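What follows is each chain in one-letter form.
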Amino acid sequence: MFKVFIAADIEGTCGYVDWAENQPEDALRREEMTAEVNAAIAGALAGGATDIVVSDMHMLKQNIYHGRLPDQASLISGTKRRWMWMDTVQACDLVFLIGLHARCGSPCAVLPHTMNTLITGLQLNGVDAGEALISAVCAGHFGVPVGMASGDRAFIDEIRSCLPGLETVVVKEAVGSCAALNFHPEICKSKITEAAENAARRGIKGEFKPYCLQEPVVLRLEVTWPGYAEALSLIPGVRRNGGREIYYTGALPEVISVISLFVNWVSKAT
Ligand SMILES: [Zn+2]
């Protein structure tokens, strides 16, 4: 048995260039997201995977049309999860990141952000961390490596800087923060299938290594509004530095708790 965990976002899918929730094109974008996840699943199964867990990680996290996935695929949907979008990764063998985007502050990227646009800076042990690095360290904490990633070129450059050996697919290049040169969606999906198959084969052979941070982990989080930093400073151990910046030092699960508390509760309550 070889189980692949697919964390799936939408901003890094082919054709997605602006937040389109509740607009007519939303359904089309969700279809493309589902199709790219399906392309990754087809490759994973062809490469020897036997089970797939898909984790919807975008906004309300209910974007993927589950009925269109093959019956080997379970789907985690819904918000307010302890590990944000990586819960249950400990029961899996390999991680794929499909449709992700670059971290907040990236200059040449499509919709760069880190979880939401209220976070303006996030570092782990002094290293800028976007959703790519956060995914890798959560999986790494449980001994699970990342094997492939797809998204815009800025995201792929970002993840390759910390995980140089993984299989990657670039589906578009930024023309601005809300515009992209998109490659043809069918070409993107066939490349995703090919990369996923290679990644599954390599993962079964043990070619990927988990990405682990040295503990204790130092978190620096900068937010848009002082009230958010004030709320976070109520957590024991959190140090506030100036108006909009907090620090926390601890084991990785505690650090992820602080981030999850902000993303899932504090930033939703105001
Ligand atoms: Zn998203």
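Every chain's residues receive numbers from 1 upward, in the order its sequence appears when written. Thresholds applied to this predicted model are a pLDDT of at least 70 for local features of residues and 80 or more for the giving and counting of side-chain atom pairs; totals over whole chains, interfaces and linings are not thresholded and use all residues.

**Observations concerning the overall build of the protein chain**
Now for step 1: Numbering of helices and strands runs from the N terminus; a helix is a DSSP stretch of H or I covering at least four residues, while a strand is a stretch of E covering at least two. Within the protein chain, the secondary structure is distributed over six helices and twelve strands.
Now for step 2: We compute the radius of gyration from the C-alpha atoms alone; for a globule the expected value is 2.2 Å times N to the 0.38, where N is the number of residues. Expected size for 270 residues packed as a compact globule is a radius of gyration near 18 Å; at 18 Å, the protein chain falls within 12% of this value.
Now for step 3: Whether a residue is buried, exposed or partly exposed follows from its count of other C-beta atoms within 10 Å of its own C-beta, namely 20 or more, 12 or fewer, or something in between, respectively; the C-beta atoms are built from the backbone. Counting the 270 residues in the protein chain, one finds 49% classified as buried.
Now for step 4: Partitioning the contacts of the protein chain with sequence separation of at least 6, the portion at a separation of at least 24 is 68%. By the convention adopted here, residues are in contact when the distance between their C-beta atoms, placed from the backbone, does not exceed 7 Å.

**Focus: the environment of Leu166**
Now for step 1: On the secondary structure map, Leu166 appears in the loop between α3 (153-162) and β8 (167-176).
Now for step 2: Residues Leu166 and Gly130 lie 36 residues apart in sequence; the distance between their C-alpha atoms is 17 Å.
Now for step 3: Aside from chain neighbours lying at most four places away, what touches Leu166 is Val146, Gly147, Met148, Ala149 and Phe208.

**Some points on the packing of helix α1 (residues 26-46) against helix α4 (residues 185-204)**
Now for step 1: In this analysis an axis means a line fitted to C-alpha atoms, helices contributing only their contacting stretch, and an angle means the value between N-to-C directions, from 0 to 180 degrees. Direction vectors running N to C along α1 and α4 enclose 35 degrees, while the axes themselves pass 7 Å from each other. By crossing handedness, the relation of α1 to α4 is classed as right-handed. Taken together, the residues of α4 that come into contact with α1 (itself represented by Glu32, Ala35, Glu36, Ala39, Ala40, Ala42, Gly43, Ala44 and Ala46) are Pro185, Cys188, Lys189, Ile192, Thr193, Glu194, Ala195, Ala196, Glu197 and Ala200.
Now for step 2: Gly counts as polar in this scheme, as do all residues outside two lists: the nonpolar Ala, Val, Leu, Ile, Met, Phe, Trp, Tyr, Cys and Pro, and the charged Asp, Glu, Lys and Arg. When grouped by side-chain class, the residues that make up the contact of α1 with α4 number twelve nonpolar, two polar and five charged. Crossing handedness: left-handed means the near helix sits turned counterclockwise from the far one by under a right angle, and right-handed means the same turn made clockwise.

**Structural notes on unusual backbone geometry**
Now for step 1: The omega angle of the peptide bond from Glu215 to Pro216 is 0 degrees, so this bond is cis rather than trans.
Now for step 2: Along the chain, the position of Pro216 falls in the loop between α4 and β10 (217-223).
Now for step 3: Non-glycine residue Met59 carries a positive phi angle of around 50 degrees.
Now for step 4: Tracing the backbone shows Met59 in the loop between β2 (51-56) and β3 (73-76).
Now for step 5: One non-glycine residue, Met115, lies in positive phi territory at about 70 degrees.
Now for step 6: In this fold, Met115 is placed in the loop between β4 (94-100) and β5 (119-124).
Now for step 7: Taking the number of C-beta atoms within 10 Å as the measure of exposure, Met115 has 21 and is therefore buried.

**Description of α1**
Now for step 1: An expected span of 1.5 Å times one less than the residue number is assigned to each helix. Compared with an ideal rise of 1.5 Å per residue, which puts 21 residues at 30 Å, α1 spans 30 Å between its outermost C-alpha atoms and is within 8% of the ideal.
Now for step 2: Immediately beyond the C-terminal end of α1, within one or two residues, lies Gly48, with a positive phi of roughly 115 degrees.

**So, the sheet that holds strand β12 (residues 245-250)**
Now for step 1: One requirement defines pairing of two strands: DSSP has to find at least two bridges between them. In spatial order, the strands read β6-β5-β10-β12-β11; together these five strands make up an open sheet with antiparallel pairing. Edge positions in the open sheet fall to β6 (127-128) and β11 (239-241), since each of these has one partner strand only.
Now for step 2: Examined bridge by bridge, β10 and β12 share six bridges and lie antiparallel to one another. By the bridge assignment for β12, Val218 is matched with Thr249.
Now for step 3: Strands in contact with helix α6 (residues 252-266) are β10 and β12; relative to β10, the strand with the most contacts, it is inclined by about 10 degrees.

**A closer look at the nonpolar core**
Now for step 1: Working definition: the nonpolar core is a set of buried Ala, Val, Leu, Ile, Met, Phe, Trp, Tyr and Cys residues, joined through C-beta atoms within 7 Å. Counting 90 residues, the largest nonpolar core has Val4, Ile6, Ala40, Val95, Phe96 and Val146 as the members making the most contacts within it.
Now for step 2: Bear in mind that the domain bounds are from an automatic or database domain assignment. There are two domains that each give this core at least three residues, and those are domain 1 (3-113 + 130-204) and domain 2 (217-266).
Now for step 3: Setting aside anything within four residues of it in sequence, one finds Ala40 in contact with Ile6, Phe96, Ile98, Ile192 and Ala196.

These results come straight from atomic positions and should not be treated as a statement about function.
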